[in-house]
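Here is what each chain is made of, one letter per residue.
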Amino acid sequence: MTTTTPTTTSTPTAVNPVLRVAPASPAAAAAYFGASLAFHADVSDVAAALAADGDPGFVVIDSRSTASWDQGHIPGAIHLPTALIPEQAEQLLDKSVPVVTYCWGPGCNGATRAALALAELGFQVKEMLGGFEYWAREGFAYETWEGPAQKAADPLTAPVDSDDCGC
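Summarised in this report is the structure supplied together with it. (Residues numbered from 1 in each chain as written. Predicted model: local features only at pLDDT ≥ 70, side-chain atom pairs only at ≥ 80, totals over all residues. Heavy atoms only, no water.)

**Let's talk about the pairing of strand β2 (residues 59-62)**
Residues in a regular strand point their side chains to alternate faces of the sheet. Judged by which residues are buried, β2 turns out to be covered on both faces: V59 and I61 on one side and V60 and D62 on the other are all buried. Judged from the four bridges that link them, β2 and strand β4 (residues 99-102) form a sheet pairing that is parallel. Within β4, the residue paired with V60 across the bridge is V100. Of the crossover connections in this fold, the one passing from β2 over helix α3 (residues 66-71) to the parallel strand β3 (residues 78-79) is right-handed. (Buried < 20%, exposed > 50% of the residue type's maximum accessible area, 1.4 Å probe, protein only. Helix = DSSP H or I, 4+ residues; strand = E, 2+ residues; numbered from the N terminus. Pairing = 2+ DSSP bridges. Right-handed = clockwise from strand over helix to strand, strands pointing away.)

**Some details on the sheet that holds strand β1 (residues 40-42)**
The strand order β1-β5-β4-β2-β3 describes an open sheet built from five strands, whose pairing is parallel. This sheet does not close on itself; its edge strands, each paired only once, are β1 and β3. As judged from the three bridges shared by β1 and strand β5 (residues 125-129), these two strands associate in the parallel manner. Bridging from a neighbouring strand, H40 pairs with E127 of β5. Strands β1, β2, β4 and β5 of the sheet are contacted by helix α2 (residues 43-51), whose axis makes an angle of about 75 degrees with β1. (Contact = heavy atoms within 4.5 Å. Axes fitted to C-alpha atoms, helices over the stretch in contact; angles between N-to-C directions.)

**Looking at the nonpolar core**
Core analysis: the biggest nonpolar cluster contains 16 residues, and V46, V60, I74, Y102, M128 and W135 have the highest contact counts within it. Secondary structure elements with two or more residues in this core: α2, β4 and α6 (131-137). Apart from residues no more than four positions distant in its own chain, W135 is found in contact with V43, V46, A47, L50, I74, P75, M128, F140, A141 and Y142. Among the nonpolar cores identified, the runner-up in size contains 13 residues, and V59, I61, L93 and A114 belong to it. (Core = buried A, V, L, I, M, F, W, Y, C linked by side-chain atoms within 4.5 Å.)

As structure tokens, this is what we get:
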């Protein structure tokens, strides 16, 4: 009499979309995220630095059109549309002072193009994540062609009753 040993068949476990590509090693992740912070600043950090007493150590550039600038811009920002950077940046900016660029918001890469143009001219530059959209949505004051303006903070982008998101 012959006995057979049952065989185990295993079905491959389906990999979810998040882990289809394995996470980077901790060292690679640290290098990537460290580099990201060297290239980006968020709206809350820019606002906090501008609101603090004294020189924030950087200048803010609005890279949008004049019509966009008139609709609303960060107080104290310099209006320098991306197309004018090659001919005007060196007259308006000091290469020893870092620059933070912004455009409309996350759906626009105008701040990225402006940052590239400035970096190619030898400026230290960061891009402000979220752009003017998130500046306004987080409840920070801004200026329009009609004067100062401010909206209530959107609770989906900023904490209610707190200046600090805890990030």
